[in-house]
Amino acid sequence: MVWDHVDKSVVLGTTWQDRPDLYLDPYLLWADLTAFSGTTRAQDVPERTTRFLRVALELDSDAVLDFPHQVVARNGKECYATASAAPNELAALTRLPGVKRIELGFAGGTKPSFEAANRKVNPEDKLSRPVVAVIDFGCAFAHERFRHWNQEQQCWNTRIAYLWDQGEGRGTGPWREAAGQGYGRELAGADIDALLAVHSQRSQPDEDSIYSAAAYDSVSKVLTHGTHVLDLAAGAPADANQALQPSIIFVQLPQYAVDDTSGGSMVTHVLDALRYILERTHETAPLVINLSYGSMAGPHDGSTVVECAMDAVVATAMKPLNDSGVPSRYLAIVLAAGNSFEADGHAAIKLTSGAPRCTLPWQVLADDLTDTFLEIWYPKHFGGYLEITVTSPTGASCTVPIDSVNVLLGATGKMPVAAVIHRLNVASGLNDAMALVALAPTRVPQGERPEAMPGIWELTIALTKPLAAEQAIELNAWIERDDPVVGSGAPSRQSRLLTGNLPLQVNEDDPPGSLVRRAGTCSSIANGTRTVVVGACLSTAEGLELSRYSSAGPTRNPLRAYWPDLVATSDESRTLAGVVASGTRSGTLVRMNGTSVAAPQVARRLIAQFLPYFEPAASRGGKPVRPTAPRHSILDQTASPPAGVSAHRVGRGRLLP
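Our subject in this report is the structure included herewith. (Residues numbered from 1 in each chain as written. Predicted model: local features only at pLDDT ≥ 70, side-chain atom pairs only at ≥ 80, totals over all residues. Heavy atoms only, no water.)

### Concerning the packing of helix 8 (residues 266–279) against helix 9 (residues 305–317)
Viewed as axis vectors pointing N to C, helix 8 and helix 9 meet at an angle of 15°, and their least axial separation amounts to 9 Å. Relative to helix 9, the element helix 8 is oriented roughly parallel. Our pair here, helix 8 against helix 9, has a crossing hand that is left-handed. Residues Val267, Val270, Leu271, Leu274 and Leu278 of helix 8 lie in contact with helix 9, whose contacting residues are Val305, Val306, Ala309, Met310 and Val313. Partitioning the contact of helix 8 with helix 9 into residue classes produces 10 nonpolar, no polar and no charged. (Axes fitted to C-alpha atoms, helices over the stretch in contact; angles between N-to-C directions. Helix = DSSP H or I, 4+ residues; strand = E, 2+ residues; numbered from the N terminus. Parallel < 35°, antiparallel > 145°, perpendicular 65-115°, else oblique. Left-handed = near helix turned anticlockwise from the far one by under 90°. Contact = heavy atoms within 4.5 Å. Nonpolar A, V, L, I, M, F, W, Y, C, P; charged D, E, K, R; others polar.)

Below you can see the structure in the form of structure tokens.
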């Protein structure tokens, strides 16, 4: 195996040096180099020429884009959108005026329907009551926790107003095309009610028959992440007061996006989900959106496309309606902080004239069926001051300066097993330069592509220009998430940076001078300015004990005073992990832990503030005062952390019971 320099993209039809100003997505370049063999849905595409690419865009707000796209949010200066482009259209898209960033979501074989994508939602179908929206996978929509008995009509009614499955299914049977989207399939509340009516005996729904009739196999297992999260966010007994229960929207991520725990395809699916949810809720309806997914790599400064778009969604909603200062609507986006505190996935590096180089040993495991990634970020004004040297376990080495791409070719000499993509301008962050080190899987079934070698890969970052005595370059390296999907039973193949430290204790902070750090392990999509970020703690009677995995700040976003904002219970004790919520069939209970189960508890508390306002006047005995700032109102419901607990893990404190 030998390293080789590459300077041309097949998809973009241009060399890297021709467009140094373009904010290119390094993951798009890696996908191009590997013929999209590692991207989502690639296995379903027989011919490269039939592929389309789903991309996320950042545009100038006044840009007139003569290309089919769907706008998600605007913030005054920028506009965030998604689009679908054939490979031969992508180069033209990069040259259109007003296009600032393009980030790859996924590759596919069937282009979305623009007719369906441009179809508007009927105004009368928009929800006007408080709404909890969950973006996740596996929604047990027939479950008793999401329906109630209609005494007047003697039938079951669902509380799920909309379910959009972003997977490959089409609008057949009870499903319809999702207006405004162009792909996936949708069930409205009336469709679920019809399934409940047809498949019930003596007023008891046959849930297995319902899912079979709907050709919906995403809840075939007793535990799904989405059902558990949805129950914690919005589940209620069937006999509960419906006036005090929110309406529900569930957006189901595709199976391939969930399986890709690196989050590589998440950006476009999350942006499309946000647009779907906003289009189905009235512009004055209180809305809380829960997203309990995330990844580990990224700039961690809030500048990714998805973070900027989420900030824009919240900012637009919270603009004052008039001179009273009351927001036009109440909207919060709740995110999980992440579970990577003990993952050995972050390194903080400082280079000076006296310490001009640093080497990171990176342990890559055998039998990993997915691509493995590591990102190195540093300030742009030091572009040209650094070069990255990568050495494989066999000793093959290459050194890559700024705005260069080098690949390690496999045995056939055609497809790389590794690449170093070093760019000044990258789509996944605005403020820093980035070097992406990408590796092929270390095990590939049936020889579909060459395999990367497991073992210790070494990364050396070195100065190429002298620094002044008082100057220093601060760099951060993050490994991308690569752990197994919940419920899969697969072993973890997460790569790690070797620390050289003695094993640390549970919840112990970094030792002084540590290169590999537990600090700064924030979820890569949870560093925006306006989202609510939730960490995890144990259910203890006194004091506060954090869950050992709950990620730590600080974030690199200077506009955030706290990261996370607060913590909520995700483990009952040190020996009894997780909290109990619904399985996929009525009457079943399952246990799951992680910051992903802490976040929906905060989402439930947020929406509960608005529900009394919408309760019929006769039953509430007086009009309550509507909260004016969801994010701040929930932070007022926290218990201050005890002395000695880092604010970079607990924020303002623990959510009060």
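Still more to cover.
### Remarks on the packing of aromatic side chains
Centre-to-centre distance and the angle between the planes together describe a pair of aromatic rings. All told, the structure shown has nine aromatic pairs when counted by the stated rule. Seen from their ring centres, Phe382 and Tyr385 are 5.4 Å apart, and the 90° between their planes marks the pair as edge-to-face. Looking at Phe382, the relative accessible area reads 7%, which means it is buried. Feature note: the residues Phe141, Trp175, Tyr211 and Tyr216 constitute an aromatic cluster, connected by ring pairs. Seen from the ring of Trp175, Arg185 lies directly overhead, with NZ or CZ sitting 4.0 Å from the centre. (Phe/Tyr/Trp six-rings, centres within 6.5 Å; stacked < 30°, edge-to-face > 60°. Buried < 20%, exposed > 50% of the residue type's maximum accessible area, 1.4 Å probe, protein only. Lys NZ or Arg CZ within 6 Å of the ring centre and 35° of its normal.)

### Re the pattern of salt bridges
This model, assessed by the stated rule, comprises 25 salt bridges. Between Arg176 and Asp191 there is a salt bridge; the shortest N-O distance is 2.7 Å. Pair noted here: Arg176 is in the loop between strand 9 (160–165) and strand 10 (185–188) and Asp191 is in helix 4 (residues 189–198), with a separation of 15 residues, a long-range link. Classification of Asp191 by relative accessible area gives buried; the value is 15%. Residue Asp432 pairs with Arg556 through a salt bridge whose shortest N-O separation is 2.8 Å. Within this pair, whereas Asp432 is found in strand 23 (residues 432–439), its partner Arg556 is found in the loop between strand 27 (532–538) and strand 28 (566–571), the two being separated by 124 residues in sequence. Residue Arg556 is classed as partly exposed on the basis of its relative accessible area of 30%. Connected through salt bridges with shared partners, the residues Arg54, Glu186, Asp272, Arg275, Glu279 and Arg280 form a single ionic network. (Salt bridge = Lys/Arg side-chain N within 4 Å of Asp/Glu carboxyl O.)

### Quick word on helix 9
Given a rise of 1.5 Å per residue, 13 residues ought to cover 18 Å, and the 18 Å separating the end C-alpha atoms of helix 9 matches this to within 8%. The buried count for helix 9 comes to 11 of 13 residues, which makes it a mostly enclosed element. When helix 9 is considered as a whole, its buried residues turn out to be Val305, Val306, Glu307, Cys308, Ala309, Met310, Asp311, Ala312, Val313, Val314 and Ala317. Those residues of helix 9 hidden inside the fold are in contact with strand 2 (52–60), strand 3 (69–74), strand 4 (78–85), strand 5 (99–108), helix 8 and strand 15 (331–336). (Expected span 1.5 Å × (residues − 1).)

### As for helix 1 (residues 26–33)
The buried fraction of helix 1 is high, at eight of eight residues. Among all positions of helix 1, only Pro26, Tyr27, Leu28, Leu29, Trp30, Ala31, Asp32 and Leu33 are buried. By the N-cap criterion, in which a side-chain oxygen at the helix start approaches the backbone nitrogen of a residue two or three places on, helix 1 is capped by Asp25, the distance to Tyr27 being 3.0 Å. Looking one or two residues past helix 1, Ala35 carries a phi angle of roughly 55°, positive in sign. (Polar contact = N/O pair within 3.5 Å; in protein donor to acceptor, adjacent residues only side chain to side chain.)

### Regarding the sheet that holds strand 1 (residues 3–6)
Strand order in this open sheet of seven strands is 1-21-22-23-18-25-16, and the pairing throughout is antiparallel. Because the sheet does not close on itself, it has two edges, and the strands there are strand 1 and strand 16 (346–351). On average, each strand axis in the sheet is inclined to that of its neighbour by 15°, with strand direction left out of account. Across the face of the sheet, helix 1 comes into contact with strand 1, strand 18 (372–379), strand 21 (404–409), strand 22 (416–423) and strand 23 while running at roughly 150° to strand 22. (Pairing = 2+ DSSP bridges.)

### As for the side chain of Ser547
Summarising the element assignment, Ser547 is placed in the loop between strand 27 and strand 28. Within polar-contact distance, the side chain of Ser547 engages the side chain of Ser570 at 3.3 Å. If we skip the residues at most four places from it in the chain, Ser547 touches Asn507, Ala536, Cys537, Leu538, Ser570, Asp571 and Arg649.

### What to know about the environment of Gly182
Looking at the secondary structure, you find Gly182 in the loop between strand 9 and strand 10. Gly182 gets classed as buried once you look at its relative accessible area, which sits at 15%. Counting along the chain gives 65 residues from Gly182 to Ala117, while the straight-line C-alpha distance between them is 4.2 Å. Apart from residues no more than four positions distant in its own chain, Gly182 is found in contact with Pro112, Ser113, Ala116 and Ala117.

### Quick look at the pairing of strand 25 (residues 473–479)
Residues in a regular strand project their side chains so that they alternate between the two faces of the sheet. Burial runs high along strand 25: six of the seven residues are buried. Bridging between strand 16 and strand 25 involves six bridges; their strand directions are antiparallel. Across the sheet, Ala348 pairs through a bridge with Asn476, a residue of strand 25. Bridge analysis of strand 18 against strand 25 gives four bridges, and the strand direction is antiparallel. Bridge pairing in strand 25 places Glu375 opposite Trp478.

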